[in-house]
Amino acid sequence: MTGLSALLDDASTPAALFQPDTAATLLCMWANRSFAAMIGSNASTAIGRSPRELFPKGQADLVLESLQAAQTRRQPIRQRFHTAADRQQPYEIAVEPLEGNDGRVCLLVLFHPSPLAERSAPGGDASERSYKKLVEQFPDSVLIVEDDIISFANPACASLLAATTTDQIVGRSLFDFILPMQHPELRHRLRALRGDKEPLLGFETSIIRFDGTPRIAELSGFVSEGSRNRALQLMIRDVTEQRTTQEEHNRFFTMTLDLLAVYDFDGKVVALNPAWTNKFGFSLEELSQRKFAAIVHPDDVQAGQTAALLLGKGVPIVNLELRHLTAGGEYRLIRWSSSALTEHKKIYAIGTDITEMREQQDLLQKSEKLSIVGQLAAGLAHEIRNPLTSLKGFLQLFRKRFGHDPSYADYFRIMDTEFVRIEEIVNEFLILAKPQPRNFQPHDMSELVPDIVKLLEPQALLGSVEMTVDIEPDLAPVNCDENQLKQVFVNLIKNGIEAMPQGGSLNVKVTRRSEDYIAVTVADQGQGIPQEQLNRLGEPFMTTKVNGTGLGLMICYKIMEAHQGRLHFESRLGQGTTAEVLLPIAHETTS
Ligand code: ADP
Ligand code: MG
């Protein structure tokens, strides 16, 4: 058996063991570091792979040819061999068949950096000793097990099992070091290995070390050549670190409420965590198949695509806000941070749902503004009212004196209408200033709402607007200040009519929205409200109308706040706007 001793002389010699599996495919059982370095990988990934998976095509053919030749002829084979990386320095490939009792052959492959024609070493009986000596130097743990008793262990094995010397291990049962729970399966696997039914490759098990600490290990093995009682040669690899970090990653990936996603540079989904399903109600498969444009709000698609483009160039993206569609047809506002690994051509993204947070912020902002304006309005309204009263008084006087003169008639008319307008504004201010609704009573919306609609009928007629009312029967009453609530509906319906200068239809609906709420919706077919304006509704003096005050909605919000209700708008440009008022139902109290 030439070659073995040469390997022992030179630890930097790339070496690997191959054995046929049940399908007669030659698979790597073990490889040393030099071997791994030669093929540009690490030793553990080589295990369980065929030469075709380990070498480029031309080389794989040569290696396979050598292995098969050695296997069928049961003779050492030597051949010239170039690795792709180093064409200048040829290797010599040497294959040693190691024959077992069963006739199955295990093949030791060595790649010598220089031709070794003149370096042949003595073989024969020395081989077993040489082999053990070789194994002593293995970085991986190696055990020989006969009838479950360990007859040999290398130093790497001692350190893996936290033993001081290999003597502590030899003579003990292999199962002393295996978690009892896993004994039956390992027994089964070893039996299958001995009977040549199934190779043992990367079998994962928990081992218990001398100090009692558990480790996760991978066992690979084969039946030792030349042994009387089917001795087993086992290799143990400690994969604890690998498994625990992987486990931790998995746990974070599945447990976090944030959305995690990995994309490739073509925008295809590589991985999504389960938070996606919880959040959007689509299955992960469905989500991975959908186009980006189909899961994002149409107005946000452009921003998302621009971000993807930048990511592809290695620019990280932070705090990108996109509205994502849910299975229920709603949009959730997701804030994304992502970066790309250009060498892997992958984009990693983390998304947080900020829908509620944003709503809260907006509400807070709005109510802060409201209270400030409310205070201001209270002061202002009184300041304006007093001089206004004296002005009106003087106007009466003037009218008495000059009212009969037709050349003044126009002036009086204009002054009258201007006074009316000032009073209107001041009155609106005063409503704002009123701190709390005073007169809370249960009222039936199915009566109150039609009254208001009737009230506005003349104005609707003028604007060629047709109004319809839908009322759900048997609605529970709402606790409210009737006059204030009327004010809200008047404002909303007026806005609806004013949004349709060419006429159209306006629908007012009263329904039970949930256990606790009655909803009143006012839907028009007007011009709609642009997005940036939608967020500003209710701001004082925000108006797009020539004669508007921009106070109507502000008053509505204020009143809704006092009623612990909600006012909410949905709008589509050119199609119309729906205002929805939610009012808490007056639940009967026992008092
Ligand atoms: P005003 O009606 O005096 O302008 P509001 O506070 O009632 O003040 O409304 C503020 C602005 O909101 C309006 O000027 C208009 O631009 C917009 N708006 C409110 N309701 C609608 C609606 N139904 N359709 C379109 N725009 C609306
Ligand atoms: Mg208005």
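Values in this document were obtained by computation on a predicted structure and should not be read as measured data.

Reading guide: rules and limits
Residues numbered from 1 in each chain as written. Chains lettered and ligands numbered in written order. Predicted model: local features only at pLDDT ≥ 70, side-chain atom pairs only at ≥ 80, totals over all residues. Heavy atoms only, no water. Helix = DSSP H or I, 4+ residues; strand = E, 2+ residues; numbered from the N terminus. Buried < 20%, exposed > 50% of the residue type's maximum accessible area, 1.4 Å probe, protein only. Contact = heavy atoms within 4.5 Å. Areas by Shrake-Rupley, 256 points an atom, 1.4 Å probe, with all protein chains shown as cover. Patch = residues over 30% accessible without salt bridge, like charges linked within 9 Å, V, L, I, M, F, W, Y side chains within 5 Å. Salt bridge = Lys/Arg side-chain N within 4 Å of Asp/Glu carboxyl O. Axes fitted to C-alpha atoms, helices over the stretch in contact; angles between N-to-C directions. Parallel < 35°, antiparallel > 145°, perpendicular 65-115°, else oblique. Left-handed = near helix turned anticlockwise from the far one by under 90°. Nonpolar A, V, L, I, M, F, W, Y, C, P; charged D, E, K, R; others polar. Near = heavy atom within 4 Å. Polar contact = N/O pair within 3.5 Å; in protein donor to acceptor, adjacent residues only side chain to side chain. 1 Å grid on protein atoms, 1.4 Å probe; cavity = no way out; pocket = protein on both sides within 12 Å on 5 of 7 lines; lining within 4 Å. Sits in = over half its atoms within 2 Å of the grid points.

Draft legend 1. Seen up close, the overall build of the protein. Broken down by element type, the protein carries 19 helices and 22 strands. Burial status across the protein gives 43% buried among its 591 residues. Across the protein, the fraction of contacts at a sequence separation of at least 24, relative to all contacts at a separation of at least 6, is 54%. On the protein, roughly 32,000 Å² of surface is accessible, and the fraction owed to carbon and sulfur atoms is 52%.

Draft legend 2. Structural detail: a nonpolar patch on the surface. Side chains of Ile 372, Leu 376 and Leu 380 sit close together on the surface and give an oily, nonpolar patch of about 280 Å² of accessible area. Within the secondary structure, Ile 372 sits in helix α14 (residues 355-402).

Draft legend 3. Summary view of helix α19 (residues 552-562). In terms of burial, α19 is largely enclosed, as eight of its 11 residues are buried. Residues Gly 552, Leu 553, Met 554, Ile 555, Cys 556, Tyr 557, Ile 559 and Met 560 constitute the buried set of α19. Of the residues one or two after α19, Gln 564 is the one with positive phi, at around 55°.

Draft legend 4. Spatial organisation of the packing of helix α16 (residues 445-462) against helix α17 (residues 482-498). Two numbers describe how α16 lies on α17: the axes approach to 10 Å, and their chain directions differ by 45°. One element, α16, and the other, α17, form an angle in the oblique class. The crossing of α16 and α17 is right-handed. Of α17, the residues touching α16 (which contributes Met 445, Leu 448, Val 449, Ile 452, Val 453, Leu 455, Leu 456, Gln 459 and Ala 460) are Glu 482, Leu 485, Lys 486, Phe 489, Val 490, Ile 493, Lys 494, Ile 497 and Glu 498. Of the residues contributing to the contact of α16 with α17, the split by class is 13 nonpolar, one polar and four charged.

Draft legend 5. Spotlight on the site of ligand 1. Taken together, 19 residues surround ligand 1, and among them Asp 524, Thr 543, Thr 544, Lys 545 and Leu 553 come closest. At 2.8 Å, a side-chain N or O of Asn 495 approaches an oxygen atom of ligand 1. In this structure, Thr 543 approaches ligand 1 through a side-chain N or O atom, which is 2.5 Å from an oxygen atom. Cavity membership is defined here by more than half of the atoms lying within 2 Å of grid points; on that basis ligand 1 lies in the second largest pocket. For the shell around ligand 1, the secondary-structure elements that each account for two or more residues are α17 and α19. When its residues are assigned to classes, the shell around ligand 1 shows six nonpolar, 11 polar and two charged.

Draft legend 6. Quick look at the pattern of salt bridges. For the structure shown, the criterion picks out 26 salt bridges. Asp 148 is paired through a salt bridge with Arg 194; the nearest N and O atoms lie 3.4 Å apart. Pair noted here: Asp 148 is in the loop between β6 (141-146) and β7 (149-153) and Arg 194 is in helix α8 (residues 183-194), with a separation of 46 residues, a long-range link. The exposure class of Asp 148 is buried, given its relative accessible area of 18%. A salt bridge links Glu 247 to Arg 251; its shortest N-O distance comes to 3.1 Å. With Glu 247 and Arg 251 both in helix α9 (residues 240-255), this residue pair falls four residues apart, about one helical turn.

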